Amino acid sequence: MGINRLEDLFEAVKGRPRRKLIAAYANDEHTIVAISKAIDLGLIDGILVGDKEVIQEVCRHENIDPAKFTIVHQPNDQLAATESVAMINNGEGDIIMKGLVSTDKFMRAILNKENGLLPPGAVLSHVTAMEIPNYHKLLIASDVAIIPEPDLKQKVQMINYMVQTAVALGIENPKVAAVAPTELVLPGLQSCSEAALLSKMNERGQIKGCVVDGPLALDAAVDEEAAQIKGIKSPVAGKADCLLFPDLNSGNVFYKTNTKLAGAESAASLVGAKVPAVLASRGDSIETKLYSIALAAMLAK
């Protein structure tokens, strides 16, 4: 049975072997509190790499016992990210998480050609599971954070990552909408033409484990009435489990509009690296980081 609420992730993860999470430069309150709650829920074991004195002070302020963590002292943010990646490569953790370190420094450590976490030829992308009040089930979206203008090959891999995430959430044969401004196949509009290609590739068995349709405008992808009014006959229209966005602009605006104006909750993970990576923004809530930890634990091998 599929998971329809993000909080259901907690019970699902509890039934699995506990994963080890390594947090890079875990000097901030939100990261430490989220990891503490994840430990209390039985989701993970936590390793905090950062300034030990700062971490202990945050723990004192939040009434958290620092003994529940393994603390690795590294007061430099870039070195903390590098050391966290090295620990993953040494088999000391199953999940990596960004703490107070900036995204560019965190990504620099992950993408390092010699000592990073990206296998040769792999595509690093971002998958978000969203619980939106006006939608009847979880909606998985990609890419809202990493790839600015994905090409066709990258879009295929993005679909594969969303399908893997959907399956981990208990969704069999997920419905994937390749989002574009219109349902018409307009050769001069790349989002439309590539959406049509992806749909045909799925039909021919080149993209497996899902049903892909596109191009579909967003309203047709998530609103059955809109799809009916437009006369669209599709197994995906109005019932999408996954949304493939044509570029970072559209995906990021969709994500932030829903989380900031529509009361959506989200869980997100970087995928394509050796282990799932929690790339929560420094401004994200504790709840968002906790949900993201749970999702990463679901995706961890």
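Quick caveat, the model's predicted, so the values are computed rather than measured.

1. Observations regarding the pairing of strand β2 (residues 44-50)
Then step 1. Along β2, six of the seven residues are buried, which leaves the element largely enclosed by surrounding structure.
Then step 2. Of the strand pairs in this sheet, strand β1 (residues 19-24) and β2 are connected by six bridges, and their pairing is parallel. The residue bridging Ala24 from the neighbouring strand is Val49, located in β2.
Then step 3. Handedness of the crossover is the feature at issue here: the chain leaves β1, passes through helix α2 (residues 29-40), returns alongside β2, and the resulting connection is right-handed.
Then step 4. Examined bridge by bridge, β2 and strand β3 (residues 70-73) share four bridges and lie parallel to one another. Bridging from a neighbouring strand, Val49 pairs with Val72 of β3.
Then step 5. Between the parallel pair β2 and β3, the chain is carried across by helix α3 (residues 52-61), and the sense of this crossover is right-handed.

2. Some words on the packing of helix α4 (residues 77-89) against helix α5 (residues 103-111)
Then step 1. Closest axis-to-axis distance for the α4/α5 pair is 9 Å, and the angle between their directions is 35°. Where α4 crosses over α5, the handedness of that crossing is right-handed. Here Asp77, Gln78, Ala81, Thr82 and Val85 of α4 come into contact with α5, specifically with Lys105, Phe106, Arg108, Ala109 and Ile110.
Then step 2. Looking at the contact of α4 with α5 residue by residue, the classes come out as five nonpolar, two polar and three charged.

3. Some remarks on the domain arrangement of the protein
Then step 1. Domain annotation of the protein identifies domain 1 (7-121 + 273-299) and domain 2 (125-262).
Then step 2. Inter-centroid distance (C-alpha atoms) of domain 1 to domain 2 is 29 Å.
Then step 3. Domain 1 puts eight residues into the contact, and the matching count from domain 2 is six residues.
Then step 4. Each partner contributes to the roughly 630 Å² buried at the junction of domain 1 and domain 2, and carbon and sulfur atoms together form 68% of this total.
Then step 5. The three residues of domain 1 that bury the most area against domain 2 are Leu279, Leu295 and Leu299, which together make up 52% of that side's buried surface.
Then step 6. Across the contact surface, domain 1 and domain 2 share zero salt bridges.
Then step 7. At the boundary of domain 1 and domain 2, one finds zero residue pairs in polar contact (both at pLDDT 80 or more).
Then step 8. With three residues, the top contributor of residues to the side of domain 1 that touches domain 2 is helix α11 (residues 286-299).

4. A closer look at the nonpolar core
Then step 1. Counting 89 residues, the largest nonpolar core has Ile35, Ile44, Phe69, Ile140 and Ile159 as its most contacted members.
Then step 2. Counting residues per element, this core draws most heavily on α11, at nine residues.
Then step 3. Core analysis: the second largest hydrophobic core is formed by 21 residues, Ala220, Ala227, Phe254 and Ala264 among them.

5. Overview of the layout of surface pockets
Vacant regions in the atomic arrangement are exposed by a probe of water-molecule size rolled over the atoms.
Then step 1. Approximately 590 Å³ is the volume attributed to the largest pocket.
Then step 2. Along the wall of the largest pocket there are 24 residues; nearest its centre are Tyr255, Lys256, Ala280, Ser281 and Asp284.
Then step 3. Among the secondary structure elements, those contributing two or more residues to the lining of the largest pocket are α10 (248-261), β10 (265-271) and α11.
Then step 4. When its residues are assigned to classes, the lining of the largest pocket shows eight nonpolar, ten polar and six charged.
Then step 5. Both domains that furnish three or more residues to the lining of the largest pocket are identified here as domain 1 (7-121 + 273-299) and domain 2 (125-262).

6. Structural notes on the state of the cysteines
Then step 1. For the structure shown, the criterion picks out zero disulfides.
Then step 2. Cys192 forms no disulfide, and the closest cysteine sulfur to it belongs to Cys210, at a distance of 20 Å.
Then step 3. Residue classification places Cys192 among the buried positions, given a relative accessible area of 0%.

7. Focus: a nonpolar patch on the surface
Then step 1. A surface patch of nonpolar side chains, amounting to about 250 Å² of accessible area, comprises Leu184, Leu186 and Leu189.
Then step 2. Within the element layout of this structure, Leu186 appears in the loop between β7 (175-179) and α7 (190-203).

8. Digging into the side chain of Thr31
Then step 1. For Thr31, the location among the structural elements is in helix α2.
Then step 2. Within the structure, the side chain of Thr31 is placed 2.8 Å from the side chain of Asp28, a separation counted as a polar contact.
Then step 3. Every residue in contact with Thr31, bar those within four places of it in the chain, is listed here: Ala23, Ala26, Met97, Lys98, Gly99 and Lys289.

9. Here's the deal with the environment of Gln157
Then step 1. The residue Gln157 is located in helix α6 (residues 152-168) in this model.
Then step 2. Here the alpha-carbon distance between Gln157 and Val236, two residues 79 residues apart in the chain, equals 19 Å.

10. Here's the deal with empty space enclosed by the protein
Then step 1. Summed over the entire model, instances satisfying the criterion amount to one cavity of 30 Å³ or more.
Then step 2. What lines the largest cavity is simply Lys155, Ala178, Val179, Ser191, Ala195, Leu198, Leu244, Phe245 and Pro246.
Then step 3. Taken together, the elements giving at least two residues each to the lining of the largest cavity come down to β7 and α7.
Then step 4. The greatest single-element share of the lining of the largest cavity, amounting to three residues, is contributed by α7.

About the thresholds
Residues numbered from 1 in each chain as written. Predicted model: local features only at pLDDT ≥ 70, side-chain atom pairs only at ≥ 80, totals over all residues. Heavy atoms only, no water. Buried < 20%, exposed > 50% of the residue type's maximum accessible area, 1.4 Å probe, protein only. Helix = DSSP H or I, 4+ residues; strand = E, 2+ residues; numbered from the N terminus. Pairing = 2+ DSSP bridges. Right-handed = clockwise from strand over helix to strand, strands pointing away. Axes fitted to C-alpha atoms, helices over the stretch in contact; angles between N-to-C directions. Left-handed = near helix turned anticlockwise from the far one by under 90°. Contact = heavy atoms within 4.5 Å. Nonpolar A, V, L, I, M, F, W, Y, C, P; charged D, E, K, R; others polar. Domains from an automatic or database assignment. Buried area = accessible area lost by both parts, 1.4 Å probe. Salt bridge = Lys/Arg side-chain N within 4 Å of Asp/Glu carboxyl O. Polar contact = N/O pair within 3.5 Å; in protein donor to acceptor, adjacent residues only side chain to side chain. Core = buried A, V, L, I, M, F, W, Y, C linked by side-chain atoms within 4.5 Å. 1 Å grid on protein atoms, 1.4 Å probe; cavity = no way out; pocket = protein on both sides within 12 Å on 5 of 7 lines; lining within 4 Å. Points joined across faces, edges and corners; volume = space filled by probe spheres on them. Disulfide = S-S within 2.5 Å. Patch = residues over 30% accessible without salt bridge, like charges linked within 9 Å, V, L, I, M, F, W, Y side chains within 5 Å. Areas by Shrake-Rupley, 256 points an atom, 1.4 Å probe, with all protein chains shown as cover.

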